[in-house]
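# A closer look at the structure
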Amino acid sequence: MEIQRKWVALNKKYSLYAPSPEAVQAMYQLKEELEGLDSEQAARILTELYLHLHQYEKALEIFMSVMNRKNKADLKKQWSIQGMIDSPIRPSVIKPLIKAAKRKKSSDLPVFTYHQDPVRTQVFRSGFLKTCSCCGRQIDIWYAGPFYTALSYEAICPWCIANGSAASKLQGTFHDPACCAQLEEPKLDELLHRTPGYEAWQAATWLDHCDDYCVFIDFVGWKELVSRGIENDVNLMFMPILALYHEEEAKSRIRESMERDGSFRGYLFQCRHCKEYLLYADYD
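Residues numbered from 1 in each chain as written. Predicted model: local features only at pLDDT ≥ 70, side-chain atom pairs only at ≥ 80, totals over all residues. Heavy atoms only, no water.

### What about the nonpolar core?
A general tendency of soluble globular proteins is for nonpolar side chains to be buried together. One finds Leu 10, Leu 34, Phe 124, Tyr 143, Ile 156 and Phe 174 to be the most contacted residues of the largest nonpolar core, which totals 48 residues. For this core, the element with the most residues is helix H2 (residues 21–35), which contributes 7 residues. Contacts of Ile 156, omitting those with residues within four sequence positions, involve Cys 132, Ile 139, Trp 142, Tyr 143, Phe 147, Ile 161, Ala 166, Leu 170 and Phe 174. With 20 residues, the next largest nonpolar core counts Leu 183, Ala 204, Tyr 213 and Tyr 280 among its residues. (Core = buried A, V, L, I, M, F, W, Y, C linked by side-chain atoms within 4.5 Å. Buried < 20%, exposed > 50% of the residue type's maximum accessible area, 1.4 Å probe, protein only. Helix = DSSP H or I, 4+ residues; strand = E, 2+ residues; numbered from the N terminus. Contact = heavy atoms within 4.5 Å.)

### Observations concerning the packing of aromatic side chains
With the rule as written, the count across this model stands at 17 aromatic pairs. With a centroid separation of 5.9 Å and 65° between ring planes, the pair formed by Phe 112 and Phe 124 is classed as edge-to-face. Of this pair, Phe 112 sits in the loop between helix H5 (72–86) and strand E1 (124–131) while Phe 124 sits in strand E1, and the two are 12 residues apart along the sequence. For the pair formed by Phe 112 and Phe 124, the shared burial category is buried. Sitting over the ring of Trp 159, Arg 137 keeps its end group 5.4 Å from the ring centre. Looking at Arg 265, its charged tip hangs above the ring of Phe 219, at a distance of 4.6 Å from the centre. (Phe/Tyr/Trp six-rings, centres within 6.5 Å; stacked < 30°, edge-to-face > 60°. Lys NZ or Arg CZ within 6 Å of the ring centre and 35° of its normal.)

### Remarks on the pattern of salt bridges
Tallied over the full model, the rule gives 14 salt bridges. Lys 6 is paired through a salt bridge with Glu 33; the nearest N and O atoms lie 2.7 Å apart. Note that Lys 6 is positioned in helix H1 (residues 2–13) and Glu 33 in helix H2, a separation of 27 residues in sequence. Among the salt bridges present, the one from Asp 218 reaches Arg 120, with a minimum N-O distance of 3.5 Å. Separated by 98 residues along the polypeptide, Asp 218 in strand E5 (residues 215–220) and Arg 120 in the loop between H5 and E1 bring together distant segments of the chain. Salt bridges here are not isolated pairs; linked through shared partners, they connect Arg 120, Asp 218, Arg 260 and Asp 261. (Salt bridge = Lys/Arg side-chain N within 4 Å of Asp/Glu carboxyl O.)

### What to know about the packing of helix H4 (residues 56–64) against H5
Relative orientation and spacing of two packed helices are given, respectively, by the angle between their axes and the distance between those axes. Two elements in contact, H4 and H5, have axes separated by 9 Å at closest approach and are oriented at 160°. The angle between the axes of H4 and H5 places the two elements in the roughly antiparallel class. As H4 packs across H5, the resulting crossing turns out to be left-handed. Judged by residue contacts, Tyr 56, Glu 57, Leu 60, Phe 63 and Met 64 of H4 engage Asp 74, Lys 77, Gln 78, Ile 81, Gln 82, Met 84 and Ile 85 from H5. A per-class count over the contact of H4 with H5 returns 7 nonpolar, 2 polar and 3 charged. (Axes fitted to C-alpha atoms, helices over the stretch in contact; angles between N-to-C directions. Parallel < 35°, antiparallel > 145°, perpendicular 65-115°, else oblique. Left-handed = near helix turned anticlockwise from the far one by under 90°. Nonpolar A, V, L, I, M, F, W, Y, C, P; charged D, E, K, R; others polar.)

In structure tokens:
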């Protein structure tokens, strides 16, 4: 009963289908506890844990040790797990958390010309180990932003973005070329092939100024502009809302409803040369 209680509590507290780093840690802790028990209930729960961790062979091995071969539900589950094993498209194994001391600090990451802080903007994620599909190293921080390619891949590390090998090997771009100005080739190449993108509600437009692409700073609402002290200085000329309303009404709507994590969200850029702030925003 105690085992079942812990399993139910784990399911209530976390989403195990897209587990957070905390959920992964809790899953591995329960897995270690179950592996030390010798009961059918423990084995069946362990089967479910292995399935959530995408360790299908282990799940099948454990399940077949306790399944009832005369039970239609058990036979159906066996066939289902076998199908996951045989599938040509399999999600990567969710590996255990590594100790925080081993994680890369933001200061250890590459510097990107047009994206100020990909950790702050959350296009770099961490929490468990993945394998970079470009360099083949196990990494504890990976890219989670947009990438346009016809090839499948598990993960991309920051260093393979910075040196251009990810875009080259995986034959893709980090931005839709239709969503940025076509500036001179070296600048366009740097943006498309060596700059992390950002997630927008609609198309992730990349602004330009002074004949160069701007630096993406962060997602913002009106509150964030005020906290930076730039609410009266930011250039709003790139905002589609200006096409819908007179300038003063548009500004009023921006003050009232633009939020960093809201359905009307701003994307703050800064010119690399004149240092002017520019704002783009869209709706979900």
